[in-house]
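These are the residues of each chain, in order.
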Amino acid sequence: MVNGPEKRTNYKHFLKIPTRWKDNDVYHHINNVEYYSFFDTVINDYLIREGGLDYEKGDIVGLAIETGCAFHKPIQFPQVVDAGLRVGKLGNSSVRYEVGLFIEGEDYCAANGHFVHVFVERPKNKPTPIPPKLRACMEVLLMD
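Residues numbered from 1 in each chain as written. Predicted model: local features only at pLDDT ≥ 70, side-chain atom pairs only at ≥ 80, totals over all residues. Heavy atoms only, no water.

Draft legend 1. Representation of the overall build of the protein chain in the model. Secondary structure assignment for the protein chain yields two helices and six strands. Counting helices and strands in the order they occur from the N terminus, the protein chain gives β-α-β-β-β-β-β-α. For the protein chain, the C-alpha radius of gyration of 15 Å lies close to 15 Å, the compact-globule estimate for 144 residues. Projecting the C-alpha coordinates of the protein chain onto the three principal axes gives extents of approximately 45 × 35 × 25 Å. Looking at the protein chain as a whole, 43% of its 144 residues are labelled buried. Of the contacts made within the protein chain by residues no fewer than 6 positions apart, 72% connect residues no fewer than 24 positions apart. When the accessible area of the protein chain is evaluated, it comes to approximately 7900 Å², of which 53% is carbon and sulfur surface. (Helix = DSSP H or I, 4+ residues; strand = E, 2+ residues; numbered from the N terminus. Rg over C-alpha atoms; globule rule 2.2 N^0.38 Å. Buried < 20%, exposed > 50% of the residue type's maximum accessible area, 1.4 Å probe, protein only. Contact = heavy atoms within 4.5 Å. Areas by Shrake-Rupley, 256 points an atom, 1.4 Å probe, with all protein chains shown as cover.)

Below, the structure written as structure tokens:
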């Protein structure tokens, strides 16, 4: 994980995610658990739209095995989050996504982190190669 706020230009795909009233905590900023929800949202939205992931009926799905987040600046309701996504490492059955959460209109992220999926065949939940269509959409997000 990078040790400081990163620039927007370090990410290849973005999704706007509005914050909600309930996301704020008693300190008047978005509670830390919501950041992982933002990670999940940008990743799975991308996989469904670009890679054809069928999380309900598909034989192969990605299971989260590792996550991490570094917080640099608070996000507050009603700000909009621009969730940036890239792929840091693409293996045979696993992928490491890297996510930057930006306050709309700002150049440096408020938080950045990672999320690792291992793709498994249901119902055995044994690791399996990433299907070609999903792999192709992930390759688009690999950093040069």
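Back to the write-up after that little detour.
Draft legend 2. Fine view of the packing of helix α1 (residues 32-51) against helix α2 (residues 132-140). Following both chains from N to C, one finds α1 and α2 inclined at 120°, their axes separated by 9 Å at the closest point. Considering how the two elements wind past one another, α1 and α2 form a crossing that is right-handed. Within the contact between the two elements, α1 uses Tyr46, Leu47, Glu50 and Gly51 and α2 uses Lys133, Leu134, Cys137, Met138 and Val140. Considering only residue class, the contact of α1 with α2 consists of six nonpolar, one polar and two charged. (Axes fitted to C-alpha atoms, helices over the stretch in contact; angles between N-to-C directions. Left-handed = near helix turned anticlockwise from the far one by under 90°. Nonpolar A, V, L, I, M, F, W, Y, C, P; charged D, E, K, R; others polar.)

Draft legend 3. A look at the pattern of salt bridges. The tally for this structure, following the rule as stated, stands at 11 salt bridges. Overlapping salt bridges bring together Glu6, Arg86, Arg96 and Glu98 as one network. (Salt bridge = Lys/Arg side-chain N within 4 Å of Asp/Glu carboxyl O.)

Draft legend 4. Here's a closer look at a negative patch on the surface. On the surface, a cluster of negative charge is contributed by Asp54, Glu56, Asp59 and Glu121. Note that Asp54 resides in the loop between α1 and β2 (60-71). For Asp54, a relative accessible area of 35% puts it in the partly exposed group. (Patch = residues over 30% accessible without salt bridge, like charges linked within 9 Å, V, L, I, M, F, W, Y side chains within 5 Å. Lys, Arg positive; Asp, Glu negative; His and termini not counted. Charge placed at Lys NZ, Arg CZ, Asp CG, Glu CD.)

Draft legend 5. Region of interest: the pairing of strand β4 (residues 94-103). Most of β4 is tucked away, with eight of its 10 residues classed as buried. By the bridge criterion, nine bridges tie strand β3 (residues 80-90) to β4 in an arrangement that is antiparallel. Pairing of Val81 across the sheet is with Ile103, part of β4. Hairpin geometry of β3 and β4 is characterised by an intervening segment of three residues between the two adjacent antiparallel strands. Two elements, β4 and strand β5 (residues 111-121), share eight bridges in a ladder whose sense is antiparallel. (Pairing = 2+ DSSP bridges.)

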